[in-house]
Amino acid sequence: MGLGAIHCLVVFFMCGRTACTLAPEDVVKACCYQRTKGKRRRPLWKDAPGGQQYKTSYNMAPGSFSPVLVSSKHFKDVASQSEVDHVIMPMKWGLVPRWHKDSPSKVSFKTSNCRGESMLDKATFKIPLQQGHRCVAIMDGFYEWKTTSSGKQPYFFQFTPRDLQMENKSVHRKDENLQFKSENTAELTSSLSHKDVKRLDQTKTEVKMEPLTEYNKGRKISQNSHGENDSKDIFNIKISTMKQECNSSSSNSSSSSSSCDNSPHFKNENKSGGPTQEADSIAEEENTESWSGHKLLTCAAVYDVWQPPHASAPLYSYSIITVAASSDMSWCHHRMPAVLTTDQEICDWLDFSTIPLTQASSLIQPKSECLTSHPVSKNVNNSHYQSQDCLKPVDLSEEKQKLSGSGQMMMNWLKRGQASSTTGTAPGKKAKI
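Student: Looking at this model, I keep getting lost on the sheet that holds strand S5 (residues 57–60). Mind explaining?
Tutor: Pairing between the strands of a sheet is mediated by backbone hydrogen bonds and can be parallel or antiparallel. Spatially, S5-S1-S10-S11-S17 is the arrangement adopted by the 5 strands of the open sheet, whose pairing is antiparallel. Edge positions in the sheet fall to S5 and strand S17 (371–375), since each of these pairs with one other strand and no more. The sheet shows a mean angle of 30° between the axes of neighbouring strands, taken without regard to direction. Alignment of strand S1 (residues 18–20) against S5, held across 2 bridges, turns out to be antiparallel. Counted as the bridge partner of Thr-18 is Met-60 from S5.

Student: Can you walk me through the confidence of the model for the chain in this structure?
Tutor: Regions with low pLDDT carry predicted coordinates that are not meant to be interpreted in detail. Residues of the chain with pLDDT of at least 70 account for 58%, and the chain-wide mean is 74. Low confidence marks residues 170–175, where pLDDT is under 50. Its contacts with residues over four positions away, or in another chain, come to 3 contacts. Across residues 203–243 the pLDDT falls below 50, and counting only partners more than four positions away or on other chains, this stretch makes 76 contacts in the model.

Student: Is there a simple way to explain the nonpolar core in this structure?
Tutor: General note: in soluble globular proteins, nonpolar side chains tend to be found buried as a group. The biggest cluster of nonpolar side chains holds 63 residues, and the ones touching the most others in it are Val-27, Leu-69, Leu-297, Tyr-318, Ile-321, Trp-349 and Ile-364. Element by element, the count of residues in this core is highest for strand S14 (residues 297–306), at 6 residues. For Val-27, the residues in contact, after removing those within four places along its chain, are Leu-22, Trp-45, Tyr-54, Pro-67, Ile-88, Ile-138 and Leu-296.

Student: What is the right way to look at the state of the cysteines in this model?
Tutor: Such a bond, covalent and formed between the sulfur atoms of two cysteines, is termed a disulfide. In this structure the tally under the stated criterion is 0 disulfides. The structure places no disulfide on Cys-32, whose sulfur is separated from the nearest cysteine sulfur, that of Cys-31, by 8.0 Å. Since its relative accessible area comes to 9%, Cys-32 is described here as buried.

Student: What's the story with the side chain of Thr-124 in this structure? I'm lost.
Tutor: As for its position among the elements, Thr-124 is in helix H4 (residues 123–130). On the basis of relative accessible area, Thr-124 is assigned to the buried category, the value being 9%. Residue contacts for Thr-124: discarding those within four places in its chain leaves Leu-95, Pro-97, Trp-99 and Phe-109.

Student: It is not clear to me how H4 should be interpreted in this structure. Could you clarify?
Tutor: For an α-helix, 3.6 residues make a turn, and residues three or four places apart therefore share a direction. Looking at H4, one finds that the buried residues are Thr-124, Phe-125, Pro-128 and Leu-129. The buried residues of H4 occupy an angular sector of 110° when projected down its axis, which confines them to one face. Buried-residue contacts for H4 involve strand S8 (113–115), strand S9 (134–139), S14, strand S15 (315–324), helix H12 (343–350) and helix H13 (357–360). Count one or two residues on from H4 and you reach Gly-132, which has phi positive near 85°.

Student: Please clarify how the pattern of salt bridges should be interpreted in this entry.
Tutor: Two side chains carrying opposite charge are able to pair once their charged atoms lie near each other. Across all of its chains, the model carries 8 salt bridges by this definition. One salt bridge connects Arg-98 with Asp-304, and the closest N-O pair in it is separated by 2.8 Å. With Arg-98 in the loop between strand S7 (86–93) and S8 and Asp-304 in strand S14, the pair connects residues that are 206 residues apart, well separated along the chain. Among the residues examined, Arg-98 registers a relative accessible area of 31% and is labelled partly exposed. Asp-304 sits in the buried class, given a relative accessible area of 2%. Put simply, Asp-389 and Lys-392 hold a salt bridge, and the shortest N to O gap is 3.6 Å. Relative accessible area serves as the criterion here: at 8%, Asp-389 is assigned to the buried category.

The rules behind each value
Residues numbered from 1 in each chain as written. Predicted model: local features only at pLDDT ≥ 70, side-chain atom pairs only at ≥ 80, totals over all residues. Heavy atoms only, no water. Pairing = 2+ DSSP bridges. Helix = DSSP H or I, 4+ residues; strand = E, 2+ residues; numbered from the N terminus. Axes fitted to C-alpha atoms, helices over the stretch in contact; angles between N-to-C directions. pLDDT = per-residue confidence, 0-100. Contact = heavy atoms within 4.5 Å. Core = buried A, V, L, I, M, F, W, Y, C linked by side-chain atoms within 4.5 Å. Buried < 20%, exposed > 50% of the residue type's maximum accessible area, 1.4 Å probe, protein only. Disulfide = S-S within 2.5 Å. Arc of directions from axis to C-beta. Salt bridge = Lys/Arg side-chain N within 4 Å of Asp/Glu carboxyl O.

This is the structure:
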């Protein structure tokens, strides 16, 4: 089978190509995590026992060694460190079953992916999962090919950038904000006396209610120059102002004072468990963000350990679990990786000692509104192509996709190599006639 045919098999297979461009120290920083109501922790990088090295790649194919998150409880030399829950280790992409008797490169079936629907039916994946060998594949993103009239067009999928996520959430909650504003205004006025309501109407410019959401309840959210949220108390200030107005007139009208004191808004003011508690917790989580770069894509996976027959170092290898495609990518392919979108989901999938497999399996499902994509150069069809052009968006309206200088040199070198393979000569040398 020729080289071109091998590439064809990889291209047509779901999630058959990824990109991971961060150095090990940056991968560790990007994978800092936080458990519920806990401080942020940093995983520990652990080299593969066989000495295999992770090499950054713009175009990573199965068989490569890429970083994988796994529970530290699987490693005796790390489990004793109380501050370390997660370990990052380079593993071979393409699971080698523990019962395999031949060379790891001669597994007779494809194991770069594992179908989530049947992962507990096939022994290749069922046995490792039952022994707690759950892991998380880490990458910048993955490539997928869409069939078009002019052939297969590759697209690059990654987590939606944080700024776009905030913008999308703002649009989705617009109607909810308006409804919440109306409901809270009605609740507030119903707790006041007739005179208080009249005075409220006269000073509405001072006590105007702000649109509130479940995330900024009791807070006013404004955007700073970095697109992050600045939280300032506004809800309690408005209510406090109204209470002071009512108290100032208590000598003239005892009913006004009584109605204000009985208001549920005043009773919850500045007390623990009040409307600002949730916002304070969320603001604290956002302020502890330790990585300013792009968010790495995290996909549920399963790994196994293959022991060579001659007592050499064991081989760690993994498969990415896939599910039916959500609306994020069903337009491109009918399958997608089982994406884990939050720190808690990652922790639950890895924590085999606390979260049973039946419960963890509920995380294996399609996820919507978490991925973004763009078309890329068809040069990624060749897994040996390793230029930065792999990740750059291309204009599909252009008849021919242009390459940078380094990209063109790479393609010329690859073409010479393919031509020489048919003549039996080395690249750069002319065949003898």
